[in-house]
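# Summary of the model geometry
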Amino acid sequence: MSKYQSVRGTRDLLPEIKQVFRHIDETAYKTARNYGFKEIETPIFEFSEVFHRSLGETSDAVSKETYTFTDRGGDSITLRPEGTAGVVRSFVSEGLAQHIPLKLYYYGPMFRYERPQKGRYRQFYQFGAETLGLESPLADVECLDLAWAIIKNLKLSERCTLEINTLGDMESRNAYRAALVGYLTPFKEQLSHDSKLRLEKNPMRILDSKDENDKKIVMDAPLMQNYLNQTSQKFFDDVLAGLTKLGIPYVINSKLVRGLDYYCHTVFEFTTTELGAQSAILSGGRYDGLVEILGGPKTSGVGWAAGVDRLAELCGPSLDTNPQPPISVVANGENALTEALKIASSLRNQNKYCEIFMSGNFKKKLEKANKLGTEKAILVFEQENGGFEYKLKNFKTGEELTNSLEKILYQVSSS
Ligand code: HAM
């Protein structure tokens with residue numbers, strides 16, 4: 001075994017699983033395009049400040065999980081733990097505010113120093129969608145409709161649930177926060193270490209603590225829905241009415257708060273029961289203050305990101321992403337192999353999926369072609385005069401017919 005292994009929490013996406021990732025990205029990208037989203041790619045590292053300011057100092061992603069280093073120029077750099085902050089930084093630094101509303105799609109690796117387990121990696125992949133510059137709750141509905149369409153196109157709709165909640169606007173959140181702190185303070189000594197710290201800095205995160213004792217304590221905590229002002233209540237009602245109108249099923253989860261600090265109003269997660277503790281496969285919400293936090297003009301934002309590693313786990317490696325069988329070109333002899341390579345090249349240049357076999361004897365090559373599901377193969381035989389004989393083999397019937405190369409190429413290309 002090699003002395004070098006991949007770093008803990010990272011993995012090689014070998015061809016069998018990589019093809020599933022690609023299928024997921026392609027499906028998501030095609031669907032997003034139908035919804036008018038355009039693709040953007042931002043760097044995988046940013047100045048650390050970008051994440052500290054946007055995700056919040058107290059979020060786990062920033063306080064415990066970042067890959068941060070000082071580069072040779074002395075700048076503090078962080079590998080992106082998520083995509084929204086970079087997209088919003090780009091929105092501000094590229095002056096995109098004049099083009100709102102903007103609908104953006106992205107795909108790429110993210111990095112979080114989390115404890116690795118099934119469905120949780122230190123380098124993982126997200127695709128995401130962000131709508132910038134639309135205040136209407138219908139923008140939230142369109143975003144959720146896109147997420148639901150992708151999940152349906154991946155044939156996963158039966159296997160996940162949309163959980164949704166509202167955090168309200170600042171006024172509602174402040175009122176709720178005060179009520180929550182009032183309720184939790186008498187339990188302070190019984191709370192877990194993390195929750196004790198959060199009680200002062202970010203008490204709403206205690207609602208989604210995984211600690212069993214914390215869970216018991218928050219069971220009777222006041223509910224956000226009782227602290228919403230009229231504007232926030234209407235916003236949430238409009239989102240829910242939109243979902244109902246579009247036939248998107250949801251459940252309200254009043255304990256759903258999300259781990260990043262930039263959210264307001266709508267928050268949601270598509271969850272599954274099939275991946276153990278890592279149940280969220282796609283999550284997001286509204287972040288109306290974020291553009292301003294990063295120095296841009298007041299601009300609304302709403303979006304989500306999906307965990308591709310988790311979606312791939314659900315789709316499974318057996319997903320048939322290339323149902324087309326190859327045309328195989330099978331050579332008998334060294335010179336015939338060069339000729340076969342030339343034939344394969346011309347077919348591939350006509351956009352045909354074509355396989356050629358460079359090792360093994362003729363019989364072995366035919367066996368390999370058969371194993372790949374080949375229906376038609378071009379057989380190339382060397383002749384004593386230096387020329388070649390060509391046959392078209394039909395794997396279904398076993399029939400082999402000698403013909404000119406031209407005619408054989410015509411037959412395989414037109415089928
Ligand atoms: P998030 O909930 O932190 O939100 O991550 C989104 C999704 O990424 C999760 O639902 C999960 O499927 C996947 N994920 C997160 N961490 C890991 C990990 N360590 N290993 C594998 N998968 C993981 C965000 O990142 C926000 N930027 C989403 C958003 C976009 N909100 C508004 N716009």
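Residues numbered from 1 in each chain as written. Predicted model: local features only at pLDDT ≥ 70, side-chain atom pairs only at ≥ 80, totals over all residues. Heavy atoms only, no water.

## Observations concerning the sheet that holds strand β10 (residues 280-286)
- Spatial ordering of the open sheet is given by β1-β5-β6-β11-β10-β9-β7-β8, a layout of eight strands whose pairing is mixed. Each edge of the sheet is formed by a strand with only one pairing partner; in this case those strands are β1 (38-39) and β8 (251-252).
- Strand direction decides the pairing type here: strand β9 (residues 264-271) and β10, joined by six bridges, are antiparallel. Residue Glu269 lies in a different strand from β10, and its bridge partner there is Ser283.
- Helix α5 (residues 137-153) contacts β5 (102-111), β6 (123-132), β7 (161-166), β9, β10 and β11 (301-307) of the sheet and is inclined by roughly 15° relative to β11.
- Its contacts with the sheet place helix α9 (residues 230-245) against β7, β8, β9 and β10, and it is angled at close to 160° to β7. (Pairing = 2+ DSSP bridges. Helix = DSSP H or I, 4+ residues; strand = E, 2+ residues; numbered from the N terminus. Contact = heavy atoms within 4.5 Å. Axes fitted to C-alpha atoms, helices over the stretch in contact; angles between N-to-C directions.)

## A closer look at the pairing of strand β15 (residues 388-394)
- Sheet analysis places strand β14 (residues 376-382) next to β15, joined by seven bridges and oriented antiparallel. Paired with Leu379 across the bridge in β15 is Lys391.
- Between β14 and β15, which pair antiparallel and follow one another directly, the connecting turn spans five residues, one of which, Gly386, has a positive phi of 90°.
- Note that β15 and strand β16 (residues 400-403) share four bridges and pair antiparallel. Opposite Lys393, over in β16, you have Glu400 as the bridge partner.
- Here β15 folds back onto β16 in antiparallel fashion, the turn holding five residues, of which Gly398 has a positive phi close to 85°.

## Structural notes on the sheet that holds β16
- Here we have five strands laid out as an open sheet, ordered β13-β12-β14-β15-β16, and mixed in their pairing. In this open sheet, the two strands that pair with only one neighbour each are β13 (354-356) and β16. If you compare each strand with its neighbour and ignore which way they point, the axes differ by 25° on average.
- Where strand β12 (residues 327-332) meets β14, five bridges bridge the pair, whose relative direction is parallel. The residue bridging Ala331 from the neighbouring strand is Val380, located in β14.
- Against the sheet, helix α13 (residues 362-371) touches β12, β14 and β15, its axis set at about 175° to β12.

## Points about the site of the ligand
- Every one of the 26 residues lining the ligand counts as a neighbour, but Glu82, Glu114, Glu130, Tyr263 and Ser283 are closest to it.
- Within the backbone of Trp304, an N or O atom sits 3.3 Å from a nitrogen atom of the ligand.
- In isolation the ligand has 650 Å² of accessible area, and contact with the protein removes 96% of it.
- Taken together, the elements giving at least two residues each to the shell around the ligand come down to β6, β10 and β11.
- Here the element with the most residues in the shell around the ligand is β10; it accounts for six residues.
- Taken together, the residues of the shell around the ligand sort by class into 11 nonpolar, eight polar and seven charged. (Near = heavy atom within 4 Å. Polar contact = N/O pair within 3.5 Å; in protein donor to acceptor, adjacent residues only side chain to side chain. Areas by Shrake-Rupley, 256 points an atom, 1.4 Å probe, with all protein chains shown as cover. Nonpolar A, V, L, I, M, F, W, Y, C, P; charged D, E, K, R; others polar.)

## Overview of the side chain of Thr374
- Along the chain, Thr374 falls in the loop between α13 and β14.
- Taking the relative accessible area as the measure of exposure, Thr374 reaches 4% and is therefore buried.
- A distance of 2.7 Å separates a polar atom in the side chain of Thr374 from a polar atom in the side chain of Ser328.
- A polar contact is formed between the side chain of Thr374 and the backbone oxygen of Ala369, at a distance of 2.6 Å.
- Leave out the neighbours within four places in its chain, and Thr374 touches Pro326, Ser328, Ala369 and Phe395. (Buried < 20%, exposed > 50% of the residue type's maximum accessible area, 1.4 Å probe, protein only.)

## Some remarks on the packing of α5 against α9
- Relative to each other, α5 and α9 sit at 40°, their axes nearing to 8 Å. Between α5 and α9, the angle falls in the class oblique. Considering only the axes of α5 and α9, their crossing is right-handed. Contact with α5, carried on its side by Pro137, Asp140, Val141 and Leu144, involves Phe235, Asp238, Val239, Gly242 and Leu243 of α9 and no other residues of that element. (Parallel < 35°, antiparallel > 145°, perpendicular 65-115°, else oblique. Left-handed = near helix turned anticlockwise from the far one by under 90°.)

## Structural notes on the domain arrangement of the chain
- One can read the domain layout of the chain as domain 1 (15-169 + 229-315) and domain 2 (327-414).
- If you average the C-alpha positions of domain 1 and of domain 2, the two centres end up 48 Å apart. (Domains from an automatic or database assignment.)

## Considerations on the environment of Tyr287
- Note on placement: Tyr287 falls in the loop between β10 and α10 (290-293).
- Classification of Tyr287 as buried rests on a relative accessible area of 1%.
- Sequence spacing of Tyr287 and Thr84 is 203 residues, and the spatial spacing of their C-alpha atoms is 9.7 Å.
- Those residues in contact with Tyr287, other than ones at most four positions away along the chain, are Thr84, Val88, Glu130, Thr131, Leu132, Tyr262, Cys264, Gly301, Val302 and Gly303.

## Some details on the nonpolar core
- Counting residues in hydrophobic clusters, the biggest one holds 46 residues, and the most contacted among them are Ile24, Phe127, Phe270 and Trp304.
- A total of 10 residues in this core trace back to one element, the largest contributor, which is α5.
- Beyond its immediate sequence surroundings of up to four residues, Phe270 is in contact with Leu144, Ala147, Trp148, Ile151, Cys160, Thr161, Leu162, Ser279, Ala280, Ile281 and Leu282.
- Ranked by size, the runner-up nonpolar core spans 44 residues in total, among them Val88, Phe124, Val218 and Leu228. (Core = buried A, V, L, I, M, F, W, Y, C linked by side-chain atoms within 4.5 Å.)

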